[in-house]
Amino acid sequence: MATGKEMDIRQSLRRLALCLALLTSACGAGSGGDTSSAPVQPVSTDQVSKVFALMDVGDSTSVFDSFAARATVDGLAFRTSWRVLEPQDGIYDWTTLDAAFDTVRARGKQLTLHVGVSSIGIPNWLAALGVVMYTYNTPMGVAVTEPLPWDATFLSRYTQFAAALAAHIQARGDTSLLYAVSDGVPVAEMSIVGCQNGILSGGIAYSRANYLNAWKTTVDAHAAAFSTTRLFISAPIAVICIPDNDGKAFYTEVMNHALTKSAQTTAFAADLNAAGSMRLVQVDASIRTRAALAFQMIWSSTNDTQNSMQGTLKEAVCQGIGSGARYFEIYKIDISSSDAAIHDAIQRARAGQPC
């Protein structure tokens, strides 16, 4: 299972991203934001809607199977990290990945692959190669160390890793089981948390051109390695480096490039709640008419002590369906809930049933 520190970092980064989106230093509960400014329906490559159970790093094979076996689940959203899959330079450990593929194959389901790279996902050996690193503190006091997003060695080694990952999946004959792969590199969810006033923590100057080229590099790496698989690219919040308002323009440039590489490029927003999605607002209408849309819930409805959902799971699903999405990642605790309202929301998501 994920460690307590890993969970703290994830929650800190999610809360900090929400605060950045609101352009305030007061970190309160999350908000999905208003999607009324972006009413365009995105292209959907699927007529049938899908629900994938959002797994945790470190989940066991028995946990995989318990969720893949559910009739209300179309697949597993498998979360792992570069550190787990390549624990030593050039030495790969595919054990957990293979277990996830074995499970979905046995259950007739599919897998979406999220490989974490930022913070807790960085391989320990990467810094020894001379990759420039910088460290910042989250509002919750958690120190996070990241590679410089446009460091050439970082990008080249990740490209090498992506190719090895795809080759392994292909060699196992599992390509058809891979529903989608997400690009979380060079920075998870695109907005640079440790960047303010044109400076990354540690005194490194932010370069928009270098950062954009870094994203194009990893898009190219994924498109080449996973040529027949959907490519999820997370929309940012409104800011890339505080206090700019570059989120929509930057994402548009990345997605325009990605769509020339893969027609299955998909806009991904990991913040859906009952109020909508702030990240969806950053997806320009020109992109939404060309790319499919996929959502991950901002949090679970069952254990929402911070009121991040700002309403019910059904209301969140209705927001997503109304936006044109036909893919939803829902937390395990909601998938396994016996609450009739939550169960109804999941069924509605799978049916793509308008509200």
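Computed from a prediction, not measured in an experiment: that's the story for all the values here. (Residues numbered from 1 in each chain as written. Predicted model: local features only at pLDDT ≥ 70, side-chain atom pairs only at ≥ 80, totals over all residues. Heavy atoms only, no water.)

Engineer: Got a sec to walk through the overall build of the protein chain? Specific residues and values, please.
Structural biologist: Scanning the protein chain for helices and strands turns up 12 helices and 13 strands. Per-residue burial for the protein chain yields a buried fraction of 56% across its 355 residues. Partitioning the intrachain contacts of the protein chain with sequence separation of at least 6 by distance along the chain shows that 77% fall at a separation of at least 24. In the form shown here, the protein chain has an accessible surface area of approximately 13,400 Å², with 52% of it arising from carbon and sulfur atoms. (Helix = DSSP H or I, 4+ residues; strand = E, 2+ residues; numbered from the N terminus. Buried < 20%, exposed > 50% of the residue type's maximum accessible area, 1.4 Å probe, protein only. Contact = heavy atoms within 4.5 Å. Areas by Shrake-Rupley, 256 points an atom, 1.4 Å probe, with all protein chains shown as cover.)

Engineer: Go over the sheet that holds strand S11 (residues 265-272) with me, naming the residues and quoting the values.
Structural biologist: Two orientations exist for strands paired in a sheet by backbone hydrogen bonds: parallel and antiparallel. Within the closed barrel, the 8 strands sit side by side as S1-S2-S3-S6-S10-S11-S12-S13. Their pairing is parallel. Strand-to-strand twist of the sheet, defined as the mean angle between neighbouring strand axes without regard to direction, takes the value 25°. Both strand S2 (residues 75-81) and strand S3 (residues 110-116) contribute to a ladder of 7 bridges, which runs parallel. Among the inter-strand pairings, Leu76 is bridged to a residue of S3, identified as Leu111. Helix H10 (residues 313-323) contacts S11, strand S12 (292-297) and strand S13 (327-331) of the sheet and is inclined by roughly 165° relative to S12. Packed onto the sheet, helix H12 (residues 340-351) meets strand S1 (50-54) and S13 and runs at close to 130° relative to S1. (Pairing = 2+ DSSP bridges. Axes fitted to C-alpha atoms, helices over the stretch in contact; angles between N-to-C directions.)

Engineer: So what's going on with the packing of aromatic side chains? Residues and values would help.
Structural biologist: Summed over all chains, the structure comprises 18 aromatic pairs. Considering the side-chain rings of Tyr158 and Phe161, the 5.7 Å spacing of their centres and the 50° angle between planes classify their relative orientation as tilted. A residue pair is termed a helical-turn pair when its members lie 3 or 4 positions apart in one helix, as Tyr158 and Phe161 do in helix H5 (residues 152-171) at 3 residues. Each member of the pair Tyr158 and Phe161 is classed as buried. Here the guanidinium or amino end of Arg70 rests over the ring plane of Phe67, the centre of that ring lying 5.3 Å away. (Phe/Tyr/Trp six-rings, centres within 6.5 Å; stacked < 30°, edge-to-face > 60°. Lys NZ or Arg CZ within 6 Å of the ring centre and 35° of its normal.)

Engineer: So, unusual backbone geometry: which residues are in play, and what are the values?
Structural biologist: Backbone torsion omega between Val185 and Pro186 reads 15°, so that peptide bond is classified as cis. In this structure, Pro186 sits in the loop between strand S6 (178-183) and strand S7 (195-196). That bond from Ile242 to Pro243 is cis: its omega, 5°, falls within 30 degrees of zero. Mapped onto the elements, Pro243 comes out in the loop between strand S10 (230-234) and helix H7 (247-261). Positive phi, close to 55°, is recorded for Asn307, a residue that is not glycine. Looking at where Asn307 falls in the secondary structure, it is placed in the loop between S12 and H10.

Engineer: Go over the state of the cysteines with me, naming the residues and quoting the values.
Structural biologist: Using the criterion set out here, one finds 2 disulfides in the structure. Covalent S-S linkage joins Cys318 and Cys355, the inter-sulfur distance amounting to 1.8 Å. With the S-S dihedral at roughly -85°, the linkage between Cys318 and Cys355 falls on the left-handed side. A residue pair is termed long-range when its members are at least 10 positions apart, and Cys318 in helix H10 and Cys355 in the segment after H12 qualify at 37 residues. Since its relative accessible area comes to 19%, Cys318 is described here as buried. By relative accessible area, which is 59% here, Cys355 ends up exposed. The connectivity of the disulfide-linked cysteines in the protein chain, indexed sequentially, is 1-2, 3-4. (Disulfide = S-S within 2.5 Å.)

Engineer: Tell me about the packing of H10 against H12, and please be specific about residues and values.
Structural biologist: Where H10 contacts H12, the axes come no closer than 8 Å and their chain directions differ by 15°. Here H10 lies roughly parallel to H12, going by the angle between them. H10 and H12 meet at a crossing whose hand is left-handed. In this structure, H10 contributes Leu313, Lys314, Val317, Cys318 and Ile321 to the contact, and H12 contributes Ile342, Asp344, Ala345, Ile346, Arg348 and Ala349. Considering only residue class, the contact of H10 with H12 consists of 8 nonpolar, no polar and 3 charged. (Parallel < 35°, antiparallel > 145°, perpendicular 65-115°, else oblique. Left-handed = near helix turned anticlockwise from the far one by under 90°. Nonpolar A, V, L, I, M, F, W, Y, C, P; charged D, E, K, R; others polar.)

Engineer: Please give an account of the sheet that holds strand S8 (residues 199-200) that cites residues and values.
Structural biologist: As summarised here, the arrangement of the 3 strands in space is S7-S8-S9, forming an open sheet in which the pairing is antiparallel. Looking along the sheet, the strands with just one partner apiece sit at the ends: S7 and strand S9 (204-205). With 2 bridges connecting them, S7 and S8 associate as antiparallel partners. The partner of Cys195 across the bridge, within S8, is Leu200.

Engineer: Residues and numbers for the pattern of salt bridges, please.
Structural biologist: Per the stated rule, a full pass over the model turns up 13 salt bridges. Residue Arg172 is joined to Asp174 by a salt bridge in which the shortest nitrogen-to-oxygen separation is 2.6 Å. Classification of Arg172 by relative accessible area gives partly exposed; the value is 29%. Of the charged contacts, one joins Arg208 and Asp246 as a salt bridge, the two residues approaching to 2.7 Å between their closest N and O atoms. Taken as a pair, Arg208 in helix H6 (residues 208-225) and Asp246 in the loop between S10 and H7 lie far apart in primary sequence, 38 residues in all. Here Arg208 falls in the partly exposed class, since its relative accessible area comes to 27%. (Salt bridge = Lys/Arg side-chain N within 4 Å of Asp/Glu carboxyl O.)

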